[in-house]
Amino acid sequence: MSSPSESKQVVRKEVLAIRKRLQHEEWLEKSEEIAARVFGIPEVSAAEHLLVYLSIAETREVSTGKIIKELCGSGRKLSVPVIRQERLVPCGYMPGEKLDRGMFGQPEPALFRSVDPSGIDAVIIPLVAADEDGYRMGYGRGYFDRFLSELAAAGHFPCRVGLAFRLQIVPLLPLDPWDERLDYIVHECGVMRFT
């Protein structure tokens, strides 16, 4: 019998291959549908400070461009995740600023401005796959799981929103003890709530 981590590698490989096959127009269209649904979540609408990932177009992550544009237009505080010394840390961000390529190909601000994570009200999280119980599978390094666990240990519980295409939702994922559950998963067909 394989371990959860070994089973995850199989699921991860399969789902990433399917996601990468999305045509550019379909990817953008579905991403916009997802973005529109994100703002229907009460905790997101009420949030004053959000941590939102900058999407990787080449791997067809759900695009966060429209979400970021709307957030900045509303005057709310925006941070993005960056990796520093093997940890996910929030960095201040404004659209249009210079971006560098991070260690996994993700866009990161060229100018790092650390942000106090205790002020974050909602976290918009990328994922490779998610299940019907609200668990997500990331890229296998555990950065978001550790970040959320550290916040919880400090008594801070921002709303956790995973973005996915419907094709990324599976009935049940193999789990490890450190996997963190989401509050919501948003896909182009609807919003799944778990809390």
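Residues numbered from 1 in each chain as written. Predicted model: local features only at pLDDT ≥ 70, side-chain atom pairs only at ≥ 80, totals over all residues. Heavy atoms only, no water.

### Focus on the overall build of the protein chain
Applied cut-off: Each helix corresponds to a stretch of at least 4 residues labelled H or I by DSSP, and each strand to a stretch of at least 2 residues labelled E; elements are numbered beginning at the N terminus. Note on method: radius of gyration uses C-alpha positions; expected globular size equals 2.2 Å times residues raised to 0.38. Burial status follows relative accessibility: with a 1.4 Å probe on protein chains alone, a residue under 20% of its type maximum counts as buried, one over 50% as exposed, and anything between as partly exposed. Whether two residues touch is decided by their heavy atoms; if any such pair falls within 4.5 Å, the residues are in contact. Every accessible area reported is derived by Shrake-Rupley at a probe size of 1.4 Å, with residue values counting cover from the shown protein chains alone. Positive charges come from Lys and Arg, negative ones from Asp and Glu, while His and the chain ends are left out of the count. Note that the charge is assigned to NZ on lysines, CZ on arginines, CG on aspartates and CD on glutamates.
Counting its regular elements, the protein chain contains five helices and twelve strands. Against the compact-globule benchmark of 16 Å for 195 residues, the protein chain has a radius of gyration of 16 Å, which places it among compact chains. Counting only C-alpha atoms and orienting by the principal axes, one finds that the protein chain spans roughly 50 × 40 × 35 Å. When each of the 195 residues of the protein chain is scored for burial, the buried share is 52%. Long-range pairs, those at least 24 residues apart, make up 68% of the contacts in the protein chain between residues at least 6 apart in sequence. Carbon and sulfur atoms provide 54% of the accessible area of the protein chain, an area that totals close to 9,600 Å². Computed over 25 positive and 28 negative side-chain charges, the inter-centroid distance for the protein chain is 3 Å.

### Here's the deal with the side chain of Q106
Operational definition: The definition of a polar contact used here is a pair of N or O atoms within 3.5 Å, where within protein one atom must be able to donate a hydrogen and the other to accept one, and adjacent residues in sequence count solely through side-chain atom pairs.
Here Q106 lies in the loop between strand 4 (99-101) and strand 5 (107-109). On the accessibility criterion, Q106 (12% relative accessible area) is buried. Among the polar contacts listed, one links the side chain of Q106 to the backbone nitrogen of F104, at a separation of 2.9 Å. Reaching out from Q106, the side chain makes a polar contact with the side chain of E108 at a distance of 2.8 Å. Aside from chain neighbours lying at most four places away, what touches Q106 is I56, I83, D100 and R101.

### Details of the sheet that holds strand 12 (residues 190-193)
So the rule is basically this: Strand pairing requires that DSSP identify at least two bridges connecting the strands. Fitted lines through C-alpha atoms serve as axes, helices being fitted only where they are in contact, and the angles separating the N-to-C directions of these axes extend from 0 to 180 degrees.
Strand order across the open sheet formed by seven strands is 3-2-1-6-9-11-12, with mixed pairing between neighbours. The open sheet has two free edges, formed respectively by strand 3 (87-92) and strand 12, since each of these has just one partner strand. When the angles between neighbouring strand axes are averaged without regard to direction, this sheet yields 25°. Summarising the sheet, strand 6 (residues 122-125) and strand 9 (residues 159-163) pair through four bridges and their orientation is parallel.

### Description of the pairing of strand 11 (residues 184-187)
Of the two faces of strand 11, both are covered, the one formed by Y184 and V186 as well as the one formed by I185 and H187. Summarising the sheet, strand 9 and strand 11 pair through three bridges and their orientation is parallel. Opposite L163, over in strand 11, you have V186 as the bridge partner. With four bridges joining them, strand 11 and strand 12 adopt antiparallel strand pairing. Paired with V186 across the bridge in strand 12 is V191. With antiparallel pairing between neighbouring strands as the criterion, strand 11 and strand 12 make up a hairpin whose turn holds two residues.

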